[in-house]
Amino acid sequence: MAKAKKHEDANREPFVRIVKKGTPSRKRSVAVRAGSLLAALLICSAYILIVGKGEISIGEALSQMWNGTFGIPGNERSMRIMMWDTAIYAAKLLCISVALTPAFKMKFWNIGAEGQVVIGGLATAIIMHDYAGSMSKPMMLVVMITVCIIAGAVWGIIPAVFKAYFGTNETLFTLMMNYVAMKIMDYFYNMWKGKLSALPTFDKETWFPSLLDHSYTWNIIIFVALAFIMYFYLKKTKHGYEISVIGDSANTARYAGINVKKVIIRTMAISGAICGLCGGLTVAAQNHSIAYSAEAVHTVTNGYGFTAIIVAWLANFNTIGMIFISLLILFLEKGTGQLGNSFPEFSVGAGNVMIGIVLFCIIGGAFFLNYRLVFCDAVKNIFRKKSAKGGAQNA
Amino acid sequence: MEQKQKQIAVEMRNITKTFGSVVANKDVDFITYKGEILSLLGENGSGKTTLMNMLSGIYFPDKGEILIKGEQVSIRSPKDAFENGIGMIHQHFKLVDIFTAVENVALAMNEKGKYSLKAVAARIKDICDKYGFDLDPEQKVYNMSVSQKQTLEIIKVLYRGADILILDEPTAVLTPQEAERLFKVIRNMRDDGKSIIIITHKLNEVLSVSDRVTILRKGELAGTVETKDATEMSLTEMMVGQKVDLDIERSEPVDPKPRLIVKNLTCKNADGISVLDNISFTANSGEVLGIAGISGCGQKELLEAIAGLQTAAPGSSITYYPEGSTKAKELIGKSPRKIRELGVALSFVPEDRLGMGLVGSMGMTENMMLRYYKRGKGIFADKKYSRKLANEIKEELEVVTPGIDTPIRNLSGGNVQKVLIGREIAATPSVLMTAYAVRGLDINTSLTIYHLLDEQKKKGVAVIFVGEDLDVLLAFADKIMVLCAGKVNGIVDARTATKAEIGLLMTNMREEETLNG
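Residues numbered from 1 in each chain as written. Chains lettered and ligands numbered in written order. Predicted model: local features only at pLDDT ≥ 70, side-chain atom pairs only at ≥ 80, totals over all residues. Heavy atoms only, no water.

Enquirer: Just checking my understanding: could you explain the overall build of chain B for this structure?
Expert: When its secondary structure is counted, chain B shows 18 helices and 20 strands. Here chain B has a C-alpha radius of gyration of 25 Å; the compact-globule value for 517 residues is 24 Å, and the two agree. Judged by the C-alpha coordinates and their principal axes, chain B covers about 75 × 55 × 45 Å. Out of the 517 residues belonging to chain B, those deemed buried represent 54%. (Helix = DSSP H or I, 4+ residues; strand = E, 2+ residues; numbered from the N terminus. Rg over C-alpha atoms; globule rule 2.2 N^0.38 Å. Buried < 20%, exposed > 50% of the residue type's maximum accessible area, 1.4 Å probe, protein only.)

What follows is the structure, given as structure tokens:
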């Protein structure tokens with residue numbers, strides 16, 4: 001009996017096997033990406049149908065998400081407000097993602113963007129709060145921009161120095177630096193606020209000048225420009241080349257005579273400086289104030305210091321591709337927010353669930369770029385019977 | 001008559017296995033009998049290990065069937081393989097360093113009854129006595145030599161009751177004496193009725209130890225022969241598919257002059273242990289200095305110290321004498337960049353090709369840039385010169401690649417090495433250091449590389465050649481320096497030295513130490 005079972009067992013093929021594919025062709029990568037998005041859409045649809053108990057149609061839900069991101073079609077005022085809002089937040093997310101990219105390409109896992117943005121924003125805020133009117137406006141703007149860049153760079157350099165000279169873990173180090181920065185900002189916030197219920201905006205004299213009705217237009221222009229500059233910095237310059245080599249193998253870099261310590265510190269200075277600039281510009285041109293770090297709205301970062309990590313990875317460290325990924329994330333974030341406003345079923349947590357579904361599908365889909373699943377003959381036979389022609393058979 | 005008495009242990013029929021677009025095995029038939037030693041011979045990349053991995057449950061064949069003792073089986077995991085009495089000893093040992101030998105054997109054994117290390121130890125002792133192994137069951141793995149670890153791996157497999165043993169390149173890391181001891185044990189196991197399959201590409205071993213040879217070529221079966229009917233030439237021909245002249249070129253040194261003088265070189269690792277201990281030697285221009293030693297005896301550190309990648313202890317000195325000049329240059333304490341700026345034309349082909357010499361995710365052009373990206377002023381990296389060089393190397397060395405911008409980690413090992421050596425030779429070195437330059441390469445590529453190095457030697461370059469195959473070192477080098485535990489154990493003339501002599505130099509220091517301590 002036991003022997004018979006063993007024999008039967010022995011003849012069974014594994015139910016499913018993972019088989020490595022060669023380098024994916026362009027066609028295949030496009031197909032996989034499209035497939036991932038389609039899968040995401042399907043799962044999200046199922047989710048909408050289940051949570052909405054079938055009373056909310058998918059079209060309706062999607063159109064609400066669209067309205068929440070780009071405004072109600074035809075309604076010019078709504079479209080203008082929504083699109084500007086989406087643009088500035090997408091640009092901010094883009095900027096932080098771009099800032100992270102050189103560090104990530106070097107395999108330096110900087111998850112301290114949050115803190116670097118905050119400290120940059122705070123540095124600018126100190127100038128705006130304490131030195132308003134003490135110098136000419138152009139001078140003022142130059143100082144505001146300079147201090148946020150320096151503050152962000154310092155916040156980036158500290159963990160880099162420790163990593164380069166003592167081999168500390170940069171992930172933990174940069175993470176902890178976030179909380180230090182936030183608490184410093186809270187200190188200033190409380191000090192300036194005093195007994196008021198909230199901190200008023202800083203002196204208008206220190207604000208960025210308006211362009212096309214918004215002072216944050218500058219931010220959008222600068223942030224998008226940075227994406228292009230970073231693209232060329234990484235692709236074409238000596239610095240960019242050094243970063244790529246270190247990212248692949250620090251030993252090869254040493255062998256080639258690259259000063260690895262110097263490059264780590266320099267690159268983190270750049271990464272932190274861009275984060276700092278993002279924080280400074282957000283305070284100077286968008287918020288005109290700072291907020292308590294635990295507050296949900298009007299904070300300097302919106303938590304984008306962490307979201308940007310996902311953006312950078314999804315775009316495969318291509319800073320121009322990040323423009324689209326940032327918009328996608330904004331669509332999910334704002335769209336699901338609107339969905340929650342319109343339908344109470346989706347008010348709590350639904351947005352995060354759907355963002356999770358989409359990210360899971362995109363990231364999980366990457367598996368199929370390099371691998372495919374092979375089912376055992378029994379499964380194949382079912383499949384073959386269903387499709388009479390059996391087009392899938394191309395061994 | 002004799003044939004009939006043989007019992008088939010394993011039969012593989014029509015096995016095909018592909019990885020992406022690479023066909024690792026195609027319609028391979030394979031038979032092993034009970035009580036024989038079978039060599040599975042083939043060049044690197046011919047699919048030997050893949051075929052055996054399908055027996056040991058690591059891969060599952062795309063097509064074909066496997067029969068064990070005449071019964072069709074399906075091996076889906078290493079556990080299935082064990083149940084069928086198949087055990088594989090991999091090239092890279094799978095042992096827990098901080099455990100003793102017994103603990104490693106007991107690990108993952110799901111035996112019924114009480115957990116008793118004593119009982120396990122007793123059984124290990126039985127196995128040792130039966131086949132002539134020498135192993136202390138209480139020794140911790142991190143204290144073991146490579147050969148002891150290998151012994152432990154074999155015992156582990158035997159303990160689990162395997163009667164079909166697969167050994168993947170078992171002698172790659174052993175000295176000639178250790179290899180001889182291993183072969184003795186293997187013969188004992190054969191006489192006990194076990195089937196032993198040895199995966200190898202070393203012809204002399206095949207001839208000395210095995211009963212039959214199965215040869216694979218480019219994933220396909222090239223044939224099976226009785227060892228007694230085979231010669232080195234006939235086997236090579238089957239492996240490569242054409243007649244190959246196995247002779248390695250060795251030109252006579254012309255006007256050798258000291259190029260690099262190393263004196264009292266000592267290097268310590270992070271734990272303060274000397275990895276190089278008071279090393280002194282001279283590398284002459286127009287000569288090949290071979291370096292032999294068991295792996296991990298300081299070869300890597302020595303080359304890295306010369307290249308400026310290791311910190312040397314005070315008192316060490318590495319002096320470089322440029323051609324036609326008496327102005328000596330001291331290399332100690334200088335970074336690779338400083339050394340290059342001094343005008344020292346030093347080329348280095350490190351052991352870890354993709355982890356140190358090249359960048360795997362980059363194409364040929366960008367790998368050339370490792371040396372030349374700094375050319376020109378301004379912030380932009382220079383790519384033009386490197387692209388030109390990449391094209392030249394691709395042409396001259398016949399590098400097989402879809403294009404000079406294809407990531408080189410997608411290339412075969414031989415082509416990767418051609419890219420690396422090509423770049424280092426293109427820099428017109430006066431000292432050329434290579435570590436395991438032909439490891440993992442097929443015969444023809446290996447011969448090309450010996451030829452390239454010999455050409456450099458003729459040009460008056462001081463070549464330092466770290467090798468693992470003693471036959472090659474004896475045939476190719478002019479002098480051989482033998483390292484043992486970070487010390488120079490002797491420098492011999494390669495034209496007169498013997499393999500046994502070098503084998504002894506590789507180990508005797510260790511025996512002395514055990515005697516003293």
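So that's the structure; there's more coming.
Enquirer: Would you mind going over the sheet that holds strand 16 (residues 346–349) of chain B with me for this structure?
Expert: Hydrogen bonds between backbone groups are what pair the strands of a sheet, and the pairing can be parallel or antiparallel. Residues and elements named next belong to chain B. If you trace the 6 strands from one edge of the open sheet to the other, you get 16-17-18-13-19-20, paired in mixed fashion. Of all strands in the sheet, those bounded by a partner on one side alone are strand 16 and strand 20 (487–493). Direction aside, neighbouring strands of the sheet carry axes that sit 15° apart on average. Here 4 bridges tie strand 13 (residues 288–292) to strand 18 (residues 462–466), and the two strands are oriented parallel to one another. Looking across to strand 18, one finds that L289 is bridged to I464. (Pairing = 2+ DSSP bridges. Axes fitted to C-alpha atoms, helices over the stretch in contact; angles between N-to-C directions.)

Enquirer: Quick question: what am I supposed to make of the environment of B:G422 here?
Expert: All names here are of chain B. With respect to the helices, strands and loops of the structure, G422 is situated in helix 15 (residues 413–426). Taking the C-alpha atoms as reference, G422 lies 8.9 Å from A390; in sequence the two are 32 residues apart. Each residue touching G422, except ones within four places of it in the same chain, is listed here: I393, L397 and Q417. (Contact = heavy atoms within 4.5 Å.)

Enquirer: Explain the sheet that holds strand 10 (residues 220–226) of chain B here, please?
Expert: All names here are of chain B. Within the open sheet, the 6 strands sit side by side as 6-7-8-3-9-10. Their pairing is mixed. Looking at strand neighbours, the two that pair on one side only are strand 6 (86–89) and strand 10, the edges of this open sheet. Neighbouring strand axes in the sheet, compared pairwise and without regard to direction, differ in orientation by 20° on average. Sheet topology note: the strand 3 (residues 37–41)/strand 9 (residues 212–217) ladder contains 4 bridges and is parallel. Each bridged residue has a counterpart across the sheet, and for L41 the counterpart in strand 9 is I215. On top of the sheet, helix 2 (residues 48–55) reaches strand 3, strand 6, strand 7 (164–168), strand 8 (195–200) and strand 9; it is set at about 150° to strand 8, its chief contact. Those strands touched by helix 7 (residues 176–191) are strand 3, strand 7 and strand 8, and its axis lies near 145° from that of strand 8.

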